[in-house]
Amino acid sequence: MKRLFKGGTIVSAGGMRKTDILVKGEKILMTGDNLAFRDAEIVDVTGKLLFPGFIDAHTHMALEVSGAVTADGFDTGTKAELAGGTTCIIDFATQYAGESLGQALENWHQKADGEASCDYAFHLALSEWNEEISRELEEIVKDDVSSFKMYMTYDNRVDDETIYEVLSRLKELGGIAGVHCENHGIICARQKEVMKKKGNRRDVSDYPWTRPKEAEAEAVGRLLRIAGCVDTPVIIVHLSTAAGYREILRAREAGQTVYVETCPQYLLLDEGRYFLPAEEARRYMVAPPLRKKKNQEILWEALREGRIQTVSTDHCSFTDSQKAAGAEDFLKTPCGMPGAEERPALMWQFGVNDKKITPEQMCAYLSENPARLYRLYPQKGTLESGSDADIVVWNPETEWTLSAENQQSASGFCPMEGAKIRGRAEQVYLRGELVAENGKILREKTGKYVKHGTGKNVW
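Quick caveat: nothing in here was measured; it's all calculated off a predicted structure.

Enquirer: Please provide a residue-by-residue account of the sheet that holds strand β7 (residues 49-52), values included.
Expert: Sheets are built from strands that pair by backbone hydrogen bonding, the pairs being arranged parallel or antiparallel. An order of β3-β2-β7-β18-β19-β20-β21 is seen for the 7 strands of this open sheet, with the pairing classed as mixed. Looking at the sheet topology across the chains shown, the edges are occupied by β3 (15-18) and β21 (440-441). Bridge count between strand β2 (residues 9-12) and β7: 2 bridges; the pairing is parallel. Its bridge partner lying in β7, I10 is registered against L50.

Below, the structure is given as structure tokens:
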């Protein structure tokens, strides 16, 4: 099957150019002006922008957390991604207590294989560390996965000694770690304070106070000092505060390499959501929590200046009934919310249309940078000869409204319900096949697993 996309403008991190794209099978055969090819199906994309398929490098599909399993598994979750223009996700395969890394990967393959509608890769979330895991890591990095995650809070948190040892081992092997940075002690102490003061933890408005900006900033600073001792790059995931960002700038000024991810919720929503009626407020319980509005300005400025590398979703969805587990104690609320389908539209409307970032920067943050950082490039993240034909045909003039009613997620909730958008993924091609159109899924469960443990790191 050959397809010839004519009349469109290719968007890359380096610029935009009006040119044609010839696709043969699953790959881009060539790009160029006035291309012609016998027997090729012509796709008229005049006036449209052509983005490389977006990559969501931070998702939690079919994750067991707080006594619940996320509303979206790889079936509905990846359909939501695809509907918005995301053609590849990197989900967190979690190593539970007593498991080898191979077992953790196998568990996630059982969840994803044959269910995913977009392509998928895995990070490995490390919960245990010992000599056996350290030895196993070498094979995993070589064959499957080059990126790992550690938590500085929660029951599966790692201590400073473990962080140092893991970073040292990953440095030897060429891997990299992303870290959830919050000070566990501060959080626990404040949770106890709320109970002592009020006798209960029903009021969701107390939630952000238990996870203050100082908890993020301290953990970011501590991680970066440990990474500085090891002399290795790290990734700060879901950065939410200006205070955490200042720690990153300090480390960079000292010569450290620090990659940063943020999420649309920290760019567009604020802690005022926690003062809504309890049932609605619990919908917005994410970790780290939504912050004061002034943090948004700092994060947008960092994006405008190219100081943040990726924008992911942290898609971790729950229904209202699942969230109701926290009705008597907000600590029992499963934290997380959906965002898979909305991310490209939100970055276009509130980033590009509002002149906060350019189309080229949107391409960098949603496609090219995550592909480079996680060793998927140039298979993913670019529209060039030899790359996968993951193509998003973006109509910058389509006007529509975000609504849970029309979305693929099983959560039944859209965090930006009613937002007016101008610009949409009109058509989404996954490895050369048209799989979604204006939010409707045309082909499902055709996603493939993508290894990213080998190959050249071209960051």
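Enquirer: Tell me what's going on with helix α11 (residues 294-304), and back it up with residues and numbers.
Expert: For α11, the complete set of buried residues consists of N295, Q296, L299, W300, A302 and L303. Looking straight down α11, one finds that the buried residues subtend no more than 155° of arc, so they occupy a single side. Across α11 from its buried face, at more than 90 degrees, point the exposed residues K294 and E297. Here the buried face of α11 lies against α8 (242-253), β16 (258-262), α9 (264-268), β17 (310-311), α13 (343-352) and α14 (359-373). In the stretch just after α11, G306 is the one whose phi turns positive, near 75°.

Enquirer: If you had to explain the packing of aromatic side chains to someone new, which residues and values would you point to?
Expert: Summed over the entire model, instances satisfying the criterion amount to 16 aromatic pairs. Note on F51 and F54: the rings are 5.4 Å apart at their centroids and 50° apart in plane angle, and the pair reads as tilted. On the accessibility criterion, F51 (0% relative accessible area) is buried. Accessibility expressed as a relative area gives 0% for F54, which makes it buried. Aromatic side chains F54 and W394 sit 6.3 Å apart centroid to centroid with 80° between the ring planes, which places their arrangement in the edge-to-face category. Note that F54 is positioned in strand β8 (residues 54-59) and W394 in strand β18 (residues 391-401), a separation of 340 residues in sequence. With respect to burial, F54 and W394 carry one shared label: buried.

Enquirer: Explain a nonpolar patch on the surface to me, using residue names and the numbers behind them.
Expert: The grouping of L29, M30 and F37 at the surface amounts to a nonpolar patch, some 230 Å² of accessible area in total. Within the secondary structure, M30 is located in strand β5 (residues 27-32).

Rules and cut-offs
Residues numbered from 1 in each chain as written. Predicted model: local features only at pLDDT ≥ 70, side-chain atom pairs only at ≥ 80, totals over all residues. Heavy atoms only, no water. Pairing = 2+ DSSP bridges. Helix = DSSP H or I, 4+ residues; strand = E, 2+ residues; numbered from the N terminus. Buried < 20%, exposed > 50% of the residue type's maximum accessible area, 1.4 Å probe, protein only. Arc of directions from axis to C-beta. Contact = heavy atoms within 4.5 Å. Phe/Tyr/Trp six-rings, centres within 6.5 Å; stacked < 30°, edge-to-face > 60°. Patch = residues over 30% accessible without salt bridge, like charges linked within 9 Å, V, L, I, M, F, W, Y side chains within 5 Å. Areas by Shrake-Rupley, 256 points an atom, 1.4 Å probe, with all protein chains shown as cover. Salt bridge = Lys/Arg side-chain N within 4 Å of Asp/Glu carboxyl O.

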